[in-house]
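Secondary and tertiary structure notes
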Amino acid sequence: MNLNKFPRFCYRRLLSNRSSNFFRFNTYSQSSNCAILGIETSCDDTGCAIINQDGKVLSDVVHSQNLIHLRNGGIIPDIAQDLHRANIEPAISGILQEANMTMADISAIAVTLEPGLPLSLVVGMKYAKHLARRHNKPIIPIHHMEAHALITRKDQEIPFPFLVLLISGGHCLLAVAQDVDKFLLLGESIDCAPGEIFDKVARRMKLKNIPEYSKMCGGQAIEMAALKATNPQMFKFPLPLADYKDCNFSFNGLKTSVLLQVHRKERDHEIKANNVIPELNDLCAAMLAATSRHLVHRLQRAIEFCHDNNLIPETNKKLVVSGGVACNNYIFNALTMLCSEANYKIYRPEAKLCTDNGVMIAWNGLEKWQRGIDIVNDFKTLDIKANSKLGVSLIDKVKESKIQTKLMKLNL
Ligand code: KG4
Ligand code: ZN
């Protein structure tokens, strides 16, 4: 550990600059009865939930747009916006009714404002402002990735600081969660996210033409197909960023290699129209293995960096894996292998809380409410942000450290 090069107080100073446009009213800080309404519209799911002061979910709903986007061959932002607009009001009336509540019973409205698709984010923000003005409630702005990172705390004892790996359709990052609003970013994807390549490859492989996968998102369909592999070693893909001594991720090369194999096999077997290649299952298995190896190796370096810089205490060696791709058991098992070697305890939320949902927004709102963080009454300052990094970046520090990780051999 080299504290001179890397003093901890620096992090604190950097972190204290955050959210200067948000009002911090400690008077709101309370542990008494409350109910937080959470609204999530950052991408293609309209998620709304109400939770109480104990984190008990009183009601929740997710209107998934997955089937419509599957039909369209991907998310079309205008269509996503129209669907959010159509869904949001019935979703909120529905959960109020289910919880046997009115807006008068709600203490604050937590809403995702960053990052995400602007046309989608704006629907949640406008509706939250409308409700807040009409019913005289404060708004708690939520960072989508922070909500993914913290939701596991709702049901499990995970004190700060802990390590977090967020893997979804829009993001891939490694961070230390130091507090509800304090994160240190150790690594992120330099191109696309794992869920994004699963969705693209599944589309190109035409997995939705196989009836049992027809209603699944790409990642889930690939996981199911991989389970049927008979020769998972048939395809081998190189380890991305193998020579880079940092914790960043890259998935573009893997996507291109897999798509190239699909193209070759289609040509070799003269596959036409809606038919699929016979090697489908083995190719999905190889893709999952390559993704898992990459995630494990970057995580391995992050664990070493945290150890060298005293970021995670010996008594709290905990890793949280969250985001839609965390549903994947194959990936989760590979990460678990590393954690047992490194003496880390691994956690993930239940599957429906890994993917986008309103509960994680309400929970993040509750954690902020109880600490008096980011409780906003002047809505003029609130706006959406399409791109928004998580926390304070230590990515350059990780690079400078040039940690010579002895990569773990994974028998996948
Ligand atoms: O967190 P999420 O709901 O939305 C974003 O914030 O991106 O994640 C959605 C992503 C999609 O790309 C989907 O294919 C992926 O999560 N996903 C999976 C699985 N279930 C969902 N990826 C791999 N394996 C799964 N079982
Ligand atoms: Zn998400």
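Quick summary incoming for the structure in this document. (Residues numbered from 1 in each chain as written. Chains lettered and ligands numbered in written order. Predicted model: local features only at pLDDT ≥ 70, side-chain atom pairs only at ≥ 80, totals over all residues. Heavy atoms only, no water.)

1. Here we look at the coordination of the zinc ion (ligand 2)
The condition is simple: Note that water is not among the atoms used; donors are N, O and S atoms within 2.8 Å of the metal (3.2 Å for Na, K and Ca), so sites may look incomplete. In these descriptions, tetrahedral denotes four donors with every angle between 85 and 135 degrees, square planar four donors and octahedral six donors with opposite donors over 155 degrees apart and the rest between 65 and 115, and irregular any other case. Secondary structure counts use DSSP, requiring at least four H or I residues in a row for a helix and at least two E residues in a row for a strand, with both numbered from the N terminus. When accessible area is computed with a 1.4 Å probe and restricted to protein chains, residues below 20% of their type maximum are described as buried, those above 50% as exposed, and intermediate ones as partly exposed.
Taken together, H144 (NE2), H148 (NE2) and D356 (OD) make up the protein donors of the zinc ion (ligand 2), found 2.0 to 2.1 Å from the metal. Of note is the zinc ion (ligand 2), whose four donor atoms meet at the metal with angles of 93 to 148° in an arrangement that counts as irregular. Summarised as a motif, the one-chain spacing of the donors to the zinc ion (ligand 2) is H-x3-H-x207-D. With H148 in helix 5 (residues 144-150) and D356 in the loop between helix 11 (351-354) and helix 12 (358-371), this residue pair connects regions lying 208 residues apart in the sequence. Like D356, H148 is buried.

2. Comments concerning the sheet that holds strand 8 (residues 182-188)
Hydrogen bonds between backbone atoms are what pair the strands of a sheet, whose relative direction is either parallel or antiparallel. Defined as follows: Here a strand pair is declared whenever DSSP counts at least two bridges between the two strands. Contacts between residues were defined by any pair of non-hydrogen atoms, one from each residue, lying within 4.5 Å. To define axes, lines are fitted to C-alpha atoms, for helices over the stretch in contact only, and angles between the resulting N-to-C directions are given on a 0 to 180 degree scale.
Spatially, six strands are ordered 10-9-6-7-8-11 in an open sheet, and the strand pairing comes out mixed. One side of each edge strand has no neighbouring strand; the edge strands of this open sheet are strand 10 (345-347) and strand 11 (392-393). Relative to strand 11, strand 8 is paired through two bridges, and the arrangement is parallel. What sits directly across from L185, in strand 11, is S393. Against the sheet, helix 10 (residues 329-342) touches strand 6 (162-167), strand 9 (318-322) and strand 10, its axis set at about 160° to strand 10.

3. Looking at helix 12
The condition is simple: By this rule, a helix spans an expected 1.5 Å times one less than how many residues it contains.
Relative to the 20 Å expected for 14 residues at 1.5 Å per residue, helix 12 spans 20 Å between its end C-alpha atoms, a close match to the ideal helical length. Within helix 12, twelve of the 14 residues are buried, which leaves it mostly tucked inside the rest of the structure. Residues of helix 12 that are buried: G358, V359, M360, I361, A362, W363, N364, G365, L366, E367, K368 and W369. Where helix 12 terminates, the next one or two residues include G372, which has phi positive at roughly 70°.

4. Describing the packing of aromatic side chains
Heads up, the condition is: Centre distance within 6.5 Å is the pairing criterion for rings of Phe, Tyr and Trp, where only the six-membered ring of Trp is used; planes under 30 degrees apart are then read as stacked, over 60 as edge-to-face, and the remainder as tilted. Geometrically, a charge over a ring is one whose NZ (Lys) or CZ (Arg) sits within 6 Å of the ring centre while staying within 35 degrees of the ring normal.
One pass over the structure, following the stated rule, counts two aromatic pairs. Arranged with centres 5.5 Å apart and planes meeting at 20°, the rings of F160 and F162 form a pair that is stacked. Consider the rings of F249 and F251, whose centres lie 6.3 Å apart with planes at 10°: the pair is stacked. Since its relative accessible area comes to 0%, F249 is described here as buried. Judged by relative accessible area, F251 falls into the buried class, the value being 1%. Directly above the ring of F332 sits R348, whose terminal nitrogen or CZ lies 3.9 Å from the centroid.

5. Concerning the sheet that holds strand 5 (residues 139-143)
On the basis of which strands lie adjacent, the open sheet formed by five strands has the order 3-2-1-4-5 and mixed pairing. The open sheet is flanked by strand 3 (57-64) and strand 5, the only strands paired with a single partner. If you compare each strand with its neighbour and ignore which way they point, the axes differ by 20° on average. Across six bridges, strand 1 (residues 35-40) lies against strand 2 (residues 45-52) in antiparallel orientation. Following the sheet pairing, I36 is matched in strand 2 by I51. Contacts from helix 4 (residues 118-135) reach strand 1, strand 4 (108-114) and strand 5, with the element oriented near 155° to strand 4. Each of strand 1, strand 2, strand 3, strand 4 and strand 5 is contacted by helix 12, which is oriented at about 135° to strand 1, the strand it contacts most.

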